[in-house]
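Residue-level listing of the chains:
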Amino acid sequence: MDVPYDLTSYVRVLKMATTPTTEEFLQVAKIAGAGILFVGLMGFLIGAIMLVLTGGL
């Protein structure tokens, strides 16, 4: 493991990185939010189906 080489590669990546624009940030936030809602909805539906199938009502 060559530590100086690793550090220089990390510094190079950090120098290339930029702060996202507001438009980019909002697009990523919308996609992430939609994914969270989709996973939550799927979990709810699976839970509701399991409740009905097991006669929990």
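Analysis parameters
- Residues numbered from 1 in each chain as written.
- Predicted model: local features only at pLDDT ≥ 70, side-chain atom pairs only at ≥ 80, totals over all residues.
- Heavy atoms only, no water.
- Helix = DSSP H or I, 4+ residues; strand = E, 2+ residues; numbered from the N terminus.
- Rg over C-alpha atoms; globule rule 2.2 N^0.38 Å.
- Buried < 20%, exposed > 50% of the residue type's maximum accessible area, 1.4 Å probe, protein only.
- Patch = residues over 30% accessible without salt bridge, like charges linked within 9 Å, V, L, I, M, F, W, Y side chains within 5 Å.
- Areas by Shrake-Rupley, 256 points an atom, 1.4 Å probe, with all protein chains shown as cover.
- Salt bridge = Lys/Arg side-chain N within 4 Å of Asp/Glu carboxyl O.
- Expected span 1.5 Å × (residues − 1).

Participant: Can you walk me through the overall build of the chain in this structure?
Facilitator: Along the chain, the regular secondary structure elements total two helices and zero strands. Against the globule reference of 10 Å for 57 residues, the chain gives a C-alpha radius of gyration of 22 Å, more extended than a compact globule. Seen along its three principal axes, the alpha-carbon backbone of the chain occupies a region of about 65 × 35 × 10 Å. Considering the chain as a whole, with its 57 residues, one finds that 2% of them fall into the buried category.

Participant: What should I look at first to understand a nonpolar patch on the surface in this one?
Facilitator: On the surface, a cluster of nonpolar side chains totalling about 1,000 Å² of accessible area is made up of Phe38, Val39, Leu41, Met42, Phe44, Leu45, Ile46, Ile49, Met50 and Leu53. Mapped onto the fold, Val39 is located in helix H2 (residues 22-53). By relative accessible area, Val39 is classed as exposed at 58%.

Participant: What should I look at first to understand H2 in this one?
Facilitator: The periodicity of an α-helix, 3.6 residues per turn, causes residues three or four positions apart to be oriented the same way. Taking 1.5 Å per residue as the helical rise, H2 with its 32 residues ought to reach 46 Å, and the 46 Å between its terminal C-alpha atoms agrees with that figure. Downstream of H2 by a residue or two, Gly55 has a phi angle that is positive, lying close to 75 degrees.

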